[in-house]
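# Observations on the model geometry
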2 protein chains.
Amino acid sequence: MQITLEADYAIRIVYCLAQNAGRMDAKSISEETQVTLRFSLKILRKLVASGIVKSYKGTLGGYEVARPLEEISMNDVIEAVSGPVVISRCVKKDFVCPRQADSQCSCKFQKIFDEISVLVQDRLDAVRFSDLVK
Amino acid sequence: MQITLEADYAIRIVYCLAQNAGRMDAKSISEETQVTLRFSLKILRKLVASGIVKSYKGTLGGYEVARPLEEISMNDVIEAVSGPVVISRCVKKDFVCPRQADSQCSCKFQKIFDEISVLVQDRLDAVRFSDLVK
DNA sequence: ACTATTGTATACTTGTATTGTATACAATAG
DNA sequence: CTATTGTATACAATACAAGTATACAATAGT
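Thresholds applied
- Residues numbered from 1 in each chain as written.
- Chains lettered and ligands numbered in written order.
- Predicted model: local features only at pLDDT ≥ 70, side-chain atom pairs only at ≥ 80, totals over all residues.
- Heavy atoms only, no water.
- Near = heavy atom within 4 Å.
- Polar contact = N/O pair within 3.5 Å; in protein donor to acceptor, adjacent residues only side chain to side chain.
- Nonpolar A, V, L, I, M, F, W, Y, C, P; charged D, E, K, R; others polar.
- Least-squares fit on C-alpha atoms with pLDDT ≥ 70 in both.
- Contact = heavy atoms within 4.5 Å.
- Buried area = accessible area lost by both parts, 1.4 Å probe.
- Salt bridge = Lys/Arg side-chain N within 4 Å of Asp/Glu carboxyl O.
- Helix = DSSP H or I, 4+ residues; strand = E, 2+ residues; numbered from the N terminus.
- Buried < 20%, exposed > 50% of the residue type's maximum accessible area, 1.4 Å probe, protein only.
- Arc of directions from axis to C-beta.
- Expected span 1.5 Å × (residues − 1).

As a further point, take the protein's contact with DNA strand D. Of all residues adjacent to DNA strand D, which total 24 residues, the nearest are A:Ser55, A:Arg89, B:Arg38, B:Phe39 and B:Lys42. When atoms of DNA strand D within 4 Å of the protein are sorted by moiety, sugar and phosphate together comprise 65%. The contact in question runs from a phosphate oxygen of DNA strand D to an N or O atom on the side chain of A:Ser55, over 2.7 Å. At a separation of 3.3 Å, a phosphate oxygen of DNA strand D approaches a polar backbone atom of B:Glu6. The class makeup of the residues in the surface near DNA strand D is 7 nonpolar, 9 polar and 8 charged.

Mapping chain A onto chain B leaves a residual RMSD of 0.1 Å; the transformation is a rotation of 180° accompanied by 0.0 Å of translation along its axis. Such a turn and shift between the copies fits a two-fold axis. In terms of C-alpha distance to the rotation axis, chain A has A:Gln2 as its closest residue, with the C-alpha 2.8 Å off the axis. Most of the interface of chain A is mirrored in chain B: 100% of its interface residues are interface residues there too.

Moving on: the interface of chain A and chain B. With 32 residues of chain A in contact, the opposing surface of chain B contributes 32 residues. Taken over both partners, the interface formed by chain A and chain B buries close to 3300 Å², and the fraction arising from carbon and sulfur atoms is 66%. Linking chain A with chain B are 2 salt bridges. Residue B:Glu115 is joined to A:Arg123 by a salt bridge in which the shortest nitrogen-to-oxygen separation is 2.3 Å. Applying the counting rule to chain A against chain B returns 8 residue pairs in polar contact (both at pLDDT 80 or more). Broken down by secondary-structure element, the contributors of at least two residues to the side of chain A that touches chain B are helix H1 (5-19), helix H5 (103-125) and helix H6 (129-133) of chain A. Here the side of chain A that touches chain B takes 12 residues from H5(A), the largest share from any one element. Residues belonging to the side of chain A that touches chain B are distributed by class as follows: 20 nonpolar, 5 polar and 7 charged.

All names here are of chain A. Of the positions making up helix H2 (residues 26-33), those classed as buried are Ala 26, Ile 29, Ser 30 and Thr 33. Here the buried residues of H2 occupy an arc of 100° about the axis, which is enough to place them on one side. Opposite the packed face of H2, turned more than 90 degrees from it, sit the exposed residues Lys 27 and Glu 31. Residues of H2 that are buried sit in contact with H1, helix H3 (37-49) and strand S2 (62-65). Where H2 terminates, the next one or two residues include Gln 34, which has phi positive at roughly 70°.

Right, let's talk about the side chain of B:Glu6 for a bit. Residues and elements named next belong to chain B. Mapped onto the elements of the fold, Glu 6 is located in helix H1 (residues 5-19). Taking the relative accessible area as the measure of exposure, Glu 6 reaches 15% and is therefore buried. With residues near it in sequence (within four places) discarded, Glu 6 still touches Phe 39, Ile 43, Lys 46 and Val 81.

For the rest of this paragraph, the subject is the protein's contact with DNA strand C. Residues in contact with DNA strand C amount to 24 residues; listed here are only the nearest, A:Thr4, A:Arg38, A:Lys42, B:Ser55 and B:Arg89. In this structure, A:Glu6 approaches DNA strand C through a main-chain N or O atom, which is 3.2 Å from a phosphate oxygen. Looking at the surface near DNA strand C, the elements that each hand over two or more residues are H1 and H3 of chain A together with strand S1 (53-56) and strand S2 (62-65) of chain B. Taken together, the residues that form the surface near DNA strand C break down as 7 nonpolar, 9 polar and 8 charged.

Quick look at the environment of A:Leu69 now. Residue and element names in this part refer to chain A. Tracing the chain through its elements places Leu 69 in the loop between S2 and helix H4 (74-82). According to the relative accessible area criterion, Leu 69 is buried, its value standing at 19%. Along the sequence, Leu 69 and Ala 21 sit 48 residues apart, while their C-alpha atoms lie 11 Å from each other. Residues contacting Leu 69, with those up to four places away along its chain left out, are Ala 18, Arg 128, Phe 129, Ser 130 and Val 133.

Residues and elements named next belong to chain B. For helix H3 (residues 37-49), which comprises 13 residues, the first-to-last C-alpha distance of 18 Å matches the rise-based estimate of 18 Å (1.5 Å per residue) to within 8%. Looking at H3, one finds that the buried residues are Ser 40, Ile 43, Leu 44 and Leu 47. In an axial view of H3, the angular spread of the buried residues amounts to 105°, which keeps them on one side of the axis. Those residues of H3 that are exposed and angled more than 90 degrees off the buried face are Arg 38, Arg 45 and Ala 49. Following H3 by one or two positions, Gly 51 has its phi on the positive side, about 80°.

This is the structure:
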């Protein structure tokens, strides 16, 4: 869909980790990014699940970026939290068009939306956190 | 934000009017586009307000496209219904960033979102209904 | 002038997805 | 073995999109 607040937070969280070389615990991340602790944890879990962030349990636990900053794009982070960026719902993977009857009409728009969605994804993918940090 | 169902309907309604040379009443539009009458009326009002569609009252009343199809873009229609297409809320006109303190951080992202939003708008503006109809 | 037909305007209801929270659990360093 | 940290699921609140209802205004035809 669009870039939600959650995705926006996710970007700030990764940015925060990218700047702060070394491990950070959730509380510090929450304080630095101004996102509530609970919500930070939720977002962090998604980032861990998609392999952008690594987590460590226990007393000296915390989070850190899982790979070089050149290999983490804005698109990666957004996709980890909200799924693929698409301009319209009819571009989504499991979308079933309720108007399949008038195929000569609906698909025309779908094609355009799809094309633009890819354009946006590519553009977001070109932005790497290595560029953002310096 | 994103292209909502309402905007999607609006596109279909304009497309419907574009194909059907001549005046059409709301009921016919509703039937042809599969959008409920009430909702069609709501959308049509927005299209009239923004000068894309002209309306005529009375017994022989109805709606018709207000200008040549070459001069109506997909972006025009979407904007008429949902406002300017933006990728993130922080690109919106009257948005006040709650993080203005750390300006060296937030504005970096805002700039990128803004740039991509314009890209999408331009792309949508390049699609004219004259191209779609034929 | 009257009436049926059409569009106009505002406000309200409903549905759904985002946003955020609570509770209970699992792993690990010291 | 315990304090500290992350994990997982489910739940609640809010915001916004989607759709509806009611009352009103304008006009063509008679």
